[in-house]
Amino acid sequence: MNTSASRVAKTILFWFSIVFLGLMLWKLSRANSAATHSDQNTDWTTIILNTAPLILLVGFCLLLMRQMGRNKAWSRNARSASRTGIGYDLHRLEAGRKLIVGGIELPFDKGPVGHSDGDVLAHAVCDALLGAAGLGDIGTHFPDTDPKWKGANSLIFLEHAKKLLAEKDFAIEHVDAVVITERPKLGPHFPKMREALARALGVPVEKIHLKAKTNEGVDAIGRGEAIAAHVVATISRP
Ligand SMILES: [Zn+2]
C-alpha cells in the first residue's frame, strides 16, 4: 500500500471509530437510563454487551494501523539500498595512437584501439556503475556502431552514467580500480586521473581509488599488446 492510500485509510478508520464510539456511548446512556428505571442488576450486563463490539473495533483498528506502519517501513527499506557493481575492460594497444587512461593523456608510443578514445579505465568504471544500478552496460547506452561516439572523450560516458544513477536516486559511494599494463608506469599519473574521474562523476576525489599492476610479462598484456582495467563501484540510495 502506498503512503497516500495508507493515510486515507487511517483517516477513514479514525473518523469511523469516532462516530462508532459516539453511537455506542449514546446507546449505552440510554440503556443505563432504562435500566435505572427497571432493574439495577442489568447494568453490568448492558455495559459489557454494549462495549464489547467497541473494544473489538478499537483493537482491530490499532492492529490495522500497526500493520500499515510495518508495510510503510518495509517499502522504505526495500527502496533503500547499497549496491555493488563490477566492471572490466580491455583494449589492444597499437603504435601511433593516443594513450588515454582515466581521462588523462599519457606520453607513450602506443594507444588503445577503440571506437571512442579507448579509455579502458573510464569504460570499466562506467560498466561498474551501470551494473550496480541495474542499468545495463556501456554498450547499451553508447553502442560502438553509433558514429556519434567515434573518438569521443570517454568521460562523457561517466557524466551520463552519473545522471542515470541520479535519476534513480543513487549516489556514488566509492570506486576502486585496478589498471593492468606493462608500460608505461601509471602511478605518477594517478592524482590527475582521480581528479578527472571525480570531476566527471561529481564526487570528491577521495571516493576514487586507483591501483596499477603489470602482468609480469605474461599474455597479451605482459607483452605490451593490451591494457585492461577491473573496477568495483559501490552506490547507495537512502
Ligand atoms: Zn572499452
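Our subject is the structure that appears above.
1. As for helix H6 (residues 190–201)
Two residues of an α-helix separated by three or four positions point the same way, owing to the 3.6 residues in each turn. End to end, H6 covers 16 Å across twelve residues, agreeing with the expected 16 Å (1.5 Å per residue, within 8%). Within the sequence span of H6, burial applies to Met-193, Arg-194, Ala-196, Leu-197, Ala-200 and Leu-201. The buried residues of H6 occupy an angular sector of 165° when the element is viewed end-on, so they sit on one face. Against strand S2 (99–101), strand S3 (104–106), helix H3 (120–132), helix H5 (155–167), strand S5 (171–180) and strand S6 (208–213) lie the buried residues of H6. Two residues or fewer after H6 comes Gly-202, characterised by a positive phi angle close to 65°.

2. Topic: the pairing of strand S7 (residues 226–237)
Alignment of strand S1 (residues 81–95) against S7, held across twelve bridges, turns out to be antiparallel. Paired with Ile-86 across the two strands is Val-232, which belongs to S7. In the sheet, S5 pairs with S7 via nine bridges, with the strands oriented antiparallel. Residue Val-178 lies in a different strand from S7, and its bridge partner there is His-230.

Parameters at a glance
Each chain carries its own residue numbering, running from 1 in the written order of its sequence. Local features in this predicted model are restricted to residues of pLDDT 70 or higher, and side-chain atom pairs are both shown and tallied only at a pLDDT of 80 or more, whereas totals for entire chains, interfaces and linings draw on every residue. Numbered from the N terminus, helices here are DSSP runs of H or I no shorter than four residues, and strands are runs of E no shorter than two. One less than the number of residues in a helix, times 1.5 Å, gives the span that helix is expected to have. Partly exposed residues are those falling between the two cut-offs: more than 12 but fewer than 20 other C-beta atoms within 10 Å of their own, whereas 20 or more means buried and 12 or fewer means exposed, with C-beta atoms placed from the backbone. Here the arc refers to the directions that run from the helix axis out to each C-beta atom. Note on contacts: each residue gets a C-beta atom placed from the backbone, and two residues are in contact if those atoms are within 7 Å. The criterion for strand pairing is that DSSP finds at least two bridges linking the strands in question.

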